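Residue strings, one per chain:
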2 protein chains.
Amino acid sequence: MELVLPLARYIEQYRYKYLALYHALREAIHAGTLEVGSRLPASRELAELYGVSRGSVSQAYEMLVAEGYLKATVGRGTFVAGLMQGMREKQSGSHAFPLSAWGARIQADLDSELSLAAGSLDLVAKPRISFADGGAALDAKSASDWKSALAYAGRAARAGAKGRNTATADVFGDAGLRAAIAAHLRRSRGIQADPKDICLFSGSMQALALLTQLMLGEGEQAVVEDPGYPGIFRAVRACGGKVLPAAVDASGMVPQEWDARLLFVTPGRQFPTGAVLSASRRRELLAWAQRKEAIIIEDDYDSEFRWGGRPLEPLRALDREGRVVFIGSFTNTMFTSLRIGYALVPPNVAAILRSAKMLYEPTSPALLEQRALARFMVRGDYDKHLRRMRRIYHARYDYLCELLSSGIAGQLFEILPSDTGLHLYAKWRRSPREFADFQRACAYHKVDIRDAVRYQYSSGDPAACFLFPHLDEKELREGVQLMLESWALVQQGRMK
Amino acid sequence: MELVLPLARYIEQYRYKYLALYHALREAIHAGTLEVGSRLPASRELAELYGVSRGSVSQAYEMLVAEGYLKATVGRGTFVAGLMQGMREKQSGSHAFPLSAWGARIQADLDSELSLAAGSLDLVAKPRISFADGGAALDAKSASDWKSALAYAGRAARAGAKGRNTATADVFGDAGLRAAIAAHLRRSRGIQADPKDICLFSGSMQALALLTQLMLGEGEQAVVEDPGYPGIFRAVRACGGKVLPAAVDASGMVPQEWDARLLFVTPGRQFPTGAVLSASRRRELLAWAQRKEAIIIEDDYDSEFRWGGRPLEPLRALDREGRVVFIGSFTNTMFTSLRIGYALVPPNVAAILRSAKMLYEPTSPALLEQRALARFMVRGDYDKHLRRMRRIYHARYDYLCELLSSGIAGQLFEILPSDTGLHLYAKWRRSPREFADFQRACAYHKVDIRDAVRYQYSSGDPAACFLFPHLDEKELREGVQLMLESWALVQQGRMK
């Protein structure tokens, strides 16, 4: 059988070759180009034909078999299965409601995410140790202070409303919390912030998505770090915008004369590599934004737990032109289920952001937690919490670095040093194939690591992220030990 | 001076004539068509020239004077003022950041809203009695039960996370609350709901806006009740969609063979008139949706406090085709600052809604309040709360009806009867001019009523909304008394 697939087009759309192949085959089956009952080439043949790895072909085949599009018969090969009635119905059902252009882009992203999830290797059911999932938390002292702050906020709400609970907050959120954030930014970052220009969000992703939607037109380009935060890739794609990937090195994002008016950057600690953006590059980015009349979105997602290095001024503090939006979050500094983030915007952006936010949330939600957080900050509990947690996290970071750089672990991973943050980024020193085998072995041993491929917009070298703040020394040791046992399995050739 | 303004185009865009005139003049000044120093026609002349009321012209002139575009000199007339430097700078500043097509629509809406607010008459600073602002609240018993529920949710979070607070909810929100809502819908509305298809939102407006964005393409039409909820008008405009206004009578929305695939309706209690959608019209709407492969968004914003009439089955309960999204909220039943709403979507919409919501909020916010509300419902506190408040609100509704339909008040307003809900809708029996005078007099007497013009998409007859749940009998009496005093002022010719 001669199989002609427009694979290049699919690779452009789906980035991952196995995913591109999966979609190309799936649509060929739907279109009837690949007829029911026809035999597919062996994975080796197809791999040679299209210049992709045999693993990619196998993975695409496996996904299509799992979904019932293909049928594999031992000793005979892989065949196009008859489309089941249920599948047809499901498909017609999925088109029976109206969909905007925006909705269609969300649907396309959903399709590729579902496929990614189907092909994902780094999710372990109930791992013994997870380096992939986990975040900041409150210690006993902070938990007790937080409880008091919540109780205070509840009492204040009842008293203020004289038993009526009708008080609502401005669309930008509780005024007290915005003032507390402004004070914190002045003290800890040297940023002169007017609370009027601070908008609270249900987590920083909401701020990123809404600002992108406000500023990025269909077909326009946005500069994004590569590797970077996939939420930003998604936000850009949802608007119909184009991701302009920017290279990242040991000094952070590498400036260029991009043709764009929107740029996302994580200067305090590049996500996910941990690099700090150099002072000269900060100035270069600001000069670029000025030339292009562009907006820089400075995502300060993870700079509170600094244990070394000199703190550099945020772009927002250096900005004299109103070109920088500064985004922060309490999810990474307080606890994961506290979805409070904020954006400090240039004064002339505040009015339109207010109008945009009002469309979705005419009054600010989660008011109780906002007011509790304001109380927690004003009383000084937040600063004390940061100081205590910084010590704890620093010790855990150092210990994990030590474990991962010594002995056999040191032959597997190369740690990229970082002086702040809640995860450790490490390059895999060996082959991509061994990395895939290693991850399967880790799944077997119930230790969960985060494959950094999800952060790569263009293809990059294998790497992993290790989230550590939720793990004590014993757990860190156990996790690394499980990884070493996993690697032993690979060495014994038992994960092929 | 011969003044030629393309007013029809502006009226189409801004709906209100004074607003259309305001924008037409403003842009003519910017464009230089109206030169600095030139004299404008007297308001009477301009009114005749363009077939608008003299009041509209005066209001547009006043707004432009207030903004410095025009200068009025007693005895000489109204002139185009020189554009101030600051104004120019502000304007160039407001274009110095990138704006998407979506952002530009938000900006246009913002401009007209600011103007509306400038011309608004129904906002009284610190009113003695406000029928315009106020909503549901907890009584002492419910406040105490809610406090317990919050404490329980806090303890459960701490115990469940073993001191780590890392637990986060699914993007659709807390599973316990979704199950409690499903049970409530089954019991109180006859709706068979799968919690998997229930997505929690930060208030119902977030649900309305996101679903509109998902389903309504640029240039496409959406059917909206007129009068109706302005948030929906805004959501449709933000997507670049067109509002197709549907007439409303005493049996609710009047069905037609609309050319559209998205329709918004408030069957339980039409917003704002209070009409209940008849059973035959419910069937007609569903048949229409089936023919058009359309989605009906059933906004059940205010049906919990029913004190009369037979409850009709919600569209969602009658729907056999997966054509209805059912939207509910706790803001109107619990208290105003509790921003928890939800959408029950057809099963095939759930996946894409999940993906769309994830873009903004990868995990659900306000988890503490979600869990507290689940507890409050599961323990039966919610049903008891509804029963108690229903009695209280019913008594207040009856009392306000009595006050407004007797004596002189009865000569001013015609109440549209309603057997549920937290506000009363009344048509103004006299002339529009007298209504404007009356509102000014009410402002003087510090009693705040809500002008229903904001709910009219096309122009309609003068009407007012009276929000009453936050007012006891004494306050209701005082409010109506202040209105009667206001009307006396108008009668004395003192509000011209």
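You'll find the structure just up there.
Report follows, based on the coordinates. (Residues numbered from 1 in each chain as written. Chains lettered and ligands numbered in written order. Predicted model: local features only at pLDDT ≥ 70, side-chain atom pairs only at ≥ 80, totals over all residues. Heavy atoms only, no water.)

### Focus on the sheet that holds strand E12 (residues 413-416) of chain B
All names here are of chain B.
Next, step 1: Sheet architecture is open: 4 strands sit in the order E12-E13-E16-E15, paired in antiparallel fashion. Two strands close off the open sheet at either side, each with one partner strand: E12 and strand E15 (450-451).
Next, step 2: Bridge count for E12 against strand E13 (residues 423-428) is 4 bridges, and the pairing is antiparallel. Paired with Ile-415 across the strands is Ala-426, a residue of E13. (Pairing = 2+ DSSP bridges. Helix = DSSP H or I, 4+ residues; strand = E, 2+ residues; numbered from the N terminus.)

### Looking at the environment of Pro-6 of chain A
Next, step 1: Relative to the elements of secondary structure, Pro-6 of chain A occurs in the segment before helix H1 (7-14).
Next, step 2: Along the backbone, Pro-6 of chain A and Leu-25 of chain A are 19 residues apart, and their C-alpha atoms lie at a distance of 9.9 Å.

### What about the interface of chain B and chain A?
Next, step 1: Across the boundary between the two partners, chain B contributes 67 residues, which contact 67 residues of chain A.
Next, step 2: Each partner contributes to the roughly 6000 Å² buried at the junction of chain B and chain A, and carbon and sulfur atoms together form 61% of this total.
Next, step 3: Contact with chain A buries surface across chain B, with Pro-98, Leu-359 and Tyr-360 of chain B losing the most and accounting together for 12% of the total.
Next, step 4: The interface formed by chain B and chain A holds 0 salt bridges in total.
Next, step 5: Our enumeration of links across chain B and chain A arrives at 15 residue pairs in polar contact (both at pLDDT 80 or more).
Next, step 6: Broken down by secondary-structure element, the contributors of at least two residues to the side of chain B that touches chain A are helix H6 (101-119), helix H7 (140-160), helix H9 (204-215), helix H10 (230-238), helix H13 (347-360) and helix H14 (367-378) of chain B.
Next, step 7: Per-element accounting of the side of chain B that touches chain A gives the leading share, 8 residues, to H13 of chain B.
Next, step 8: Of the residues in the side of chain B that touches chain A, the class split is 33 nonpolar, 22 polar and 12 charged. (Contact = heavy atoms within 4.5 Å. Buried area = accessible area lost by both parts, 1.4 Å probe. Salt bridge = Lys/Arg side-chain N within 4 Å of Asp/Glu carboxyl O. Polar contact = N/O pair within 3.5 Å; in protein donor to acceptor, adjacent residues only side chain to side chain. Nonpolar A, V, L, I, M, F, W, Y, C, P; charged D, E, K, R; others polar.)

### Quick notes on unusual backbone geometry
Next, step 1: A cis amide bond links Phe-271 of chain A to the next residue, Pro-272 of chain A, at an omega of 5 degrees.
Next, step 2: On the secondary structure map, Pro-272 of chain A appears in the loop between strand E8 (262-265) and helix H11 (279-292).
Next, step 3: The residue after Asp-226 of chain B, namely Pro-227 of chain B, is reached through a cis peptide bond having omega 5 degrees.
Next, step 4: Its place among the elements puts Pro-227 of chain B in the loop between strand E5 (221-226) and H10.
Next, step 5: The residue Glu-293 of chain A is not glycine, and still its phi comes out positive at about 50 degrees.
Next, step 6: Examined against the element boundaries, Glu-293 of chain A turns out to sit in the loop between H11 and strand E9 (295-299).
Next, step 7: On the accessibility criterion, Glu-293 of chain A (39% relative accessible area) is partly exposed.
Next, step 8: Look at Lys-446 of chain A: it is not a glycine, yet its phi comes out positive at around 60 degrees.
Next, step 9: Residue position: Lys-446 of chain A is located in the loop between helix H17 (432-444) and strand E14 (447-448). (Buried < 20%, exposed > 50% of the residue type's maximum accessible area, 1.4 Å probe, protein only.)

### So, the pattern of salt bridges
Next, step 1: Under the counting rule described, the total for this entry stands at 40 salt bridges over all chains.
Next, step 2: Between Asp-170 of chain B and Arg-178 of chain B there is a salt bridge; the shortest N-O distance is 3.8 Å.
Next, step 3: We classify Arg-178 of chain B as buried; its relative accessible area is 7%.
Next, step 4: Through salt bridges with shared partners, a single network forms among Asp-170, Arg-178 and Arg-354 of chain A.

### What to know about the sheet that holds strand E13 (residues 423-428) of chain A
All names here are of chain A.
Next, step 1: In space, the 4 strands of this open sheet follow the order E12-E13-E16-E15, with antiparallel pairing throughout. The open sheet has two edge strands, strand E12 (413-416) and strand E15 (450-451), and neither has a second partner.
Next, step 2: Each of E12, E13, E15 and strand E16 (463-467) is contacted by H17, which is oriented at about 130 degrees to E13, the strand it contacts most. (Axes fitted to C-alpha atoms, helices over the stretch in contact; angles between N-to-C directions.)

### Remarks on the relation of the copies chain B and chain A
Next, step 1: The two copies are related by a screw motion: chain B maps onto chain A through a turn of 180 degrees and a shift of 0.0 Å along the axis, at an RMSD of 0.1 Å. This pairing of chains is accounted for by a two-fold axis. Of every C-alpha in chain B, the one belonging to Ala-366 of chain B sits nearest the axis of rotation, 2.5 Å from it.
Next, step 2: A symmetric contact is evident, with 100% of the interface residues of chain B recurring at the interface of chain A. (Least-squares fit on C-alpha atoms with pLDDT ≥ 70 in both.)

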